[in-house]
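Topology and contacts: notes
Read off the chains here:
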Amino acid sequence: MQEQLLKDSYSVCAGEYQTAGDASASIKRKLKQLGIDSTILRRIAVASYEAELNLIIHSQGGELMMEMTPVQIKLISKDVGPGIADVSQALKEGFSTASEEARDLGFGAGMGLPNMKRNADSFDIQSELGVGTTIEMGFQLK
Amino acid sequence: MTIRDLIPILDAKVLCGETDLDQEVRSACGSDLMSDVLAFVKDKAILITGLTNVHVMRTAEMLDIHCVIFARGKIPPEDVLEEAREIGIVVLATEYTNYTTCGLLYEAGIRGSSLRSGA
């Protein structure tokens with residue numbers, strides 16, 4: 001088990017569009033101060049922002065967590081429902097169940113999960129209807 | 001090319017970031033869909049958009065986009081400019097449409113930011 005250097009957790013409320021990005025911006029600023037390479041940092045920021053937006057647009061509320069060890073940064077998004085009916089469909093580009101409200105703001109194009117997967121070095125999603133969804137993403141530092 | 005060089009090409013107004021106009025510009029992305037911007041943009045890009053909400057600045061911050069150009073005469077609300085100042089993003093406004101803005105910049109040598117952000 002690697003020594004943990006930094007651990008951060010943010011609760012994200014459903015439907016709180018106005019503050020969307022606050023958690024991801026805070027994560028990005030903290031990691032920037034630690035001198036993380038800008039290319040890796042941008043991948044982490046994009047994945048984190050997509051996860052945060054998903055919590056706001058689709059979930060009934062959840063948490064965005066970041067853990068840093070000397071070799072990797074892990075992002076975990078965990079919500080309390082409603083769960084994804086068909087995960088493989090949700091992972092396809094262009095598939096979206098986002099509301100009109102989300103689309104009016106410039107989101108909900110069905111790029112979120114595929115974009116997280118593309119930016120992370122490792123990606124795992126577990127979802128159960130009526131229970132919730134947990135996404136774990138890993139970013140190698142070395 | 002720098003942000004300052006874009007101003008005469010687009011007859012643009014500088015809405016904020018007057019002291020940061022000498023930053024280099026390598027590529028551009030034109031979209032009103034922030035989902036697509038998040039999926040396609042690479043480094044040192046500028047964003048041309050007609051969407052004027054605060055999420056444009058948040059998206060720009062995540063991607064290290066340091067210049068946003070609002071096209072078709074749109075001026076964002078003050079809270080959006082406030083967010084841009086806080087993050088340190090230069091904001092320009094032009095009367096040209098998205099299409100013409102992109103065309104003028106392409107003609108000036110700025111190419112698309114077509115690579116996937118994770119690529």
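Please refer to the structure higher up on the page.
Notes on the structure follow. Computed from a predicted model, the values in this text were never measured in an experiment.

1. Comments concerning the state of the cysteines
All names here are of chain B. Applying the stated criterion across every chain yields a total of 0 disulfides over all chains. Unpaired in this structure, C102 has its nearest cysteine sulfur neighbour in C29, at a distance of 8.3 Å. A relative accessible area of 28% places C102 in the partly exposed class.

2. A word on the nonpolar core
L31 and M137 of chain A together with V68 and V91 of chain B are the most contacted members of the largest nonpolar core, which totals 64 residues. The greatest single-element share of this core, amounting to 12 residues, is contributed by helix α2 (residues 38-58) of chain A. Dropping the residues within four chain positions of it, M137 of chain A is found in contact with A47, A51, I73, K74, L75, M116, A120, S122 and F123 of chain A. Formed by 17 residues, the second largest nonpolar core is a distinct cluster that contains V25, I46, V90 and I110 of chain B.

3. Here we look at the packing of α2 of chain A against helix α5 (residues 112-119) of chain A
Residues and elements named next belong to chain A. Running from N to C, α2 and α5 point in directions that differ by 155 degrees, and their axes come no closer than 9 Å. Of the possible angle classes, the one that applies to α2 and α5 is roughly antiparallel. Of the two possible hands of crossing, α2 and α5 adopt the one that is left-handed. Judged by residue contacts, R43, V46, A47, E50, A51 and N54 of α2 engage G112, L113, N115, M116 and N119 from α5. Of the residues belonging to the contact of α2 with α5, the class tally is 5 nonpolar, 4 polar and 2 charged.

4. A word on the layout of surface pockets
All names here are of chain A. Taken as a whole, the largest pocket spans an internal volume of roughly 560 Å³. If you go around the largest pocket, you meet 33 residues; those closest to its centre are N54, H58, I84, T97 and L113. Residue assignment for the lining of the largest pocket shows that the elements contributing at least two residues are α2, β3 (72-79), α3 (87-90), α5 and β5 (132-140). Ranked by residues supplied to the lining of the largest pocket, first place goes to α2 with 7 residues.

5. Quick word on unusual backbone geometry
Omega for the bond connecting G81 of chain A with P82 of chain A falls within 30 degrees of zero, at 10 degrees, which places this linkage in the cis form. When you line up the elements, P82 of chain A lands in the loop between β3 and α3. Despite not being glycine, D11 of chain B shows a phi value in the positive range, around 45 degrees. Relative to the assigned elements, D11 of chain B resides in the loop between α1 (3-10) and β1 (13-16).

6. Quick notes on the interface of chain A and chain B
Listed per partner, the contact involves 29 residues of chain A and 23 residues of chain B. Carbon and sulfur atoms supply 51% of the area that chain A and chain B bury against each other, a total of about 2100 Å² over both sides. For the pair chain A and chain B, the interface holds 3 salt bridges. Among the ionic pairs, D64 of chain B bridges to R42 of chain A, the shortest N-O distance being 3.4 Å. Seen at the junction of chain A and chain B, the total is 14 residue pairs in polar contact (both at pLDDT 80 or more). Every element with two or more residues in the side of chain A that touches chain B is listed here: α1 (22-33), α2 and α5 of chain A.

7. Concerning the sheet that holds strand β4 (residues 122-128) of chain A
All names here are of chain A. The 5 strands are arranged β1-β2-β3-β5-β4 in an open sheet whose pairing can be described as antiparallel. The sheet is open, and its two edges are formed by β1 (6-12) and β4, each paired on a single side. Across the sheet, the mean angle separating the axes of adjacent strands is 10 degrees when strand polarity is ignored. Strand contacts of α2: β1, β2 (62-68), β3 and β5, with the helix running at about 5 degrees to β3, the strand carrying the most contacts.

8. Looking at the packing of aromatic side chains
Residue and element names in this part refer to chain A. For the structure shown, the criterion picks out 1 aromatic pair over all chains. With a centroid separation of 6.2 Å and 85 degrees between ring planes, the pair formed by Y49 and F107 is classed as edge-to-face. Taken together, the residues Y49 in helix α2 and F107 in the loop between α4 (100-104) and α5 connect sequence positions 58 residues apart. Pair check on accessibility: Y49 and F107 agree, each one buried.

Analysis parameters
Counting of residues starts from 1 at the beginning of each chain's written sequence and follows it residue by residue. Key to labels: chains lettered from A, ligands numbered from 1, both in the order written. The predicted origin of the model limits local features to residues at a pLDDT of at least 70 and limits the giving and counting of side-chain atom pairs to 80 or more, whereas totals for whole chains, interfaces and linings rest on all residues. To get the side-chain values, take all heavy atoms of the structure and skip hydrogens and water. The disulfide criterion used throughout: a pair of cysteine sulfur atoms within 2.5 Å. For every residue, the accessible area obtained with a 1.4 Å probe (protein chains only) is divided by the maximum for its type, and the residue is called buried under 20%, exposed over 50%, and partly exposed between those limits. The criterion is simple. A nonpolar core is a set of buried Ala, Val, Leu, Ile, Met, Phe, Trp, Tyr and Cys residues joined through side-chain atoms within 4.5 Å. For the purposes of this entry, the term helix denotes a DSSP run of H or I that reaches at least four residues, the term strand denotes a run of E that reaches at least two, and both are numbered from the N terminus. In this description, contact between two residues means that some pair of their heavy atoms is separated by no more than 4.5 Å. Throughout, an axis means a line fitted to C-alpha atoms (over the contacting stretch in the case of helices), and angles, computed between N-to-C directions, take values from 0 to 180 degrees. Working definition: roughly parallel below 35 degrees, roughly antiparallel above 145 degrees, roughly perpendicular at 65 to 115 degrees, and oblique for all remaining angles. Helix crossings are classified by the rotation of the near helix relative to the far one: an anticlockwise turn of less than a right angle makes the crossing left-handed, while a clockwise turn makes it right-handed. Under the convention adopted here, Pro, Cys and the residues Ala, Val, Leu, Ile, Met, Phe, Trp and Tyr are nonpolar, Asp, Glu, Lys and Arg are charged, and Gly plus all remaining residues are polar. A cavity here means a set of points on a 1 Å grid, drawn over the protein atoms and nothing else, where a 1.4 Å probe fits but cannot get out; a pocket is an open set with protein on both sides within 12 Å along at least five of seven lines, and a residue lines either one if it has an atom within 4 Å of a point. Grid points are joined across faces, edges and corners, and a volume is the space filled by probe spheres set on the points. When two components associate, each loses some accessible surface as probed by a 1.4 Å sphere; the sum of these losses over both components is called the buried area. By definition here, a salt bridge exists when the distance from a side-chain nitrogen of Lys or Arg to a carboxyl oxygen of Asp or Glu is within 4 Å. Two N or O atoms form a polar contact when they lie within 3.5 Å of each other; inside protein one atom must be a possible hydrogen donor and the other a possible acceptor, and for residues adjacent in sequence the pair counts only when both atoms belong to side chains. DSSP calls a pair of strands paired once it identifies at least 2 bridges connecting them. What counts as a ring pair is set by centres within 6.5 Å for rings of Phe, Tyr and Trp (its six-membered ring), and what kind of pair is set by the plane angle: stacked under 30 degrees, edge-to-face over 60, tilted for all other angles.

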